[in-house]
Amino acid sequence: MWLSKDGKVVVFHDPTFDRMTGGGCMEEVISLDYKDFPTLVPQEGQKERIKEAVERANSGKVSKDKQMNNKYDYDRVPLFEEVLALLPEGKGLIVEFKQDSEVLIDKVHKLIRGSSEALQKNVIWFSLQVKINTKLLQKDPTVPRISSLIEMLRTVLWWKIGLMPFLPSTLDVYGATMSEVTEAQLQKEKGVAMLPPSLRSFVYRFLKGKPPALLYQPKLYSYLRAKGKAVFLLGVNSEEDALIAQHCGGTHILTDKPNAVVKAVKRRNLQYWPVQQ
């Protein structure tokens, strides 16, 4: 989730338009007015994935006014309000904030609270940056959050030293990334940046690999499930990722490649773990 220069709430993955324009536009999302956003250029395989997504969205019990049109302008960055209008009744929504902006948080919150009661009960918001995640908690503690990167590491630390049962947690959902954590990601976090270089290097060594060794914690996930906490595995973008997520005890998976991952889950008949009530 980003805010354009003129204050529009837009749904876009990357901080720049580079990847989705084939290198045709290097500008940052936050640097342009919405009307000046570039035309997106579908990359290899994306047109087919769009077609599959349209067919899947329209295959269920979806009202005609919310059915997706094959002629929809998929070469345009969508507004968040347009995404909300297309969301089928009763479906869940996970909102990730990529930008640290209280104005953005306020606008997204207003749009969510102005939507249907069913949607409001099924929305989760979060950011991998702990600073933003804290602001989300302060804005509305009733909206569930997934853990930020620092909160993921903090939870593992508490678990490893045996303090987990004695420390309160404000997190509704524990999330762990399946993707390798880069040094650049760690540097964005003030708490990590303040550590001595030798200690930073030590921590980073255990965050390499896919999934990162430090975040692969089946026993921790079992404990959290028993306490009624969902365990979301983020960045599950391949069949191998989907298998690992199931084996380590995840209750849900988040993916950037839903078509391929859904097919893999169905083909393998993967059943993810339930949360104990």
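Please read these numbers as outputs of a predicted model, since none were measured by experiment.

Trainee: Please clarify how the pattern of salt bridges should be interpreted in this entry.
Mentor: Once their charged atoms are close, side chains differing in charge can pair, the charge on each being opposite to the other. As enumerated under the stated definition, the model contains 13 salt bridges in all. Across the pair Asp36 and Lys35 runs a salt bridge whose closest N-O atoms are separated by 3.4 Å. Between Lys139 and Asp106 there is a salt bridge, and its shortest N-O distance comes to 2.9 Å. One end of the pair, Lys139, is in helix α5 (residues 130-139); the other, Asp106, is in helix α3 (residues 102-113), with 33 residues separating them in the sequence. Under the relative-accessibility criterion, Asp106 is labelled partly exposed at 37%.

Trainee: Help me understand the sheet that holds strand β7 (residues 252-253), please; the structure alone is not making it clear to me.
Mentor: Across the sheet, 3 strands lie side by side as β5-β6-β7; this open sheet has parallel pairing. Bordering the open sheet on either side are β5 (173-177) and β7, each of which pairs with just one other strand. Inspection of the sheet shows β5 paired to strand β6 (residues 230-234) by 5 bridges, in the parallel sense. Residue pairing across strands places Tyr174 opposite Val231, the latter belonging to β6. Set on the sheet, helix α6 (residues 149-160) makes contact with β5 and β6; between it and β5 the angle comes to about 100°. In the packing of helix α10 (residues 218-226) onto the sheet, contacts are made with β5 and β6, and the angle to β5 comes to roughly 160°.

The rules behind these values
By convention here, each chain's residues receive numbers from 1 onward along its written sequence. With pLDDT at 70 or above as the cut-off, local features in this predicted model cover only qualifying residues; side-chain atom pairs require 80 or more to be listed or tallied, and sums for whole chains, interfaces and linings still use all residues. The basis for every side-chain value is the complete set of heavy atoms in the structure, and neither hydrogens nor water enter the calculation. One side-chain nitrogen of Lys or Arg within 4 Å of one carboxyl oxygen of Asp or Glu is enough to make a salt bridge. Numbering of helices and strands starts at the N terminus; helices are DSSP runs of H or I of at least 4 residues and strands are runs of E of at least 2. Exposed residues in this analysis have more than 50% of their type's maximum accessible area, buried residues have under 20%, and partly exposed residues fall in between, with area computed by a 1.4 Å probe over protein chains only. For two strands to be treated as a pair, DSSP must find at least two bridges joining them. Residues count as neighbours in contact if any of their non-hydrogen atoms are within 4.5 Å of one another. To obtain an axis, a line is fitted to C-alpha atoms, over the contacting stretch when the element is a helix, and the angle between two such axes runs from 0 to 180 degrees between their N-to-C directions.

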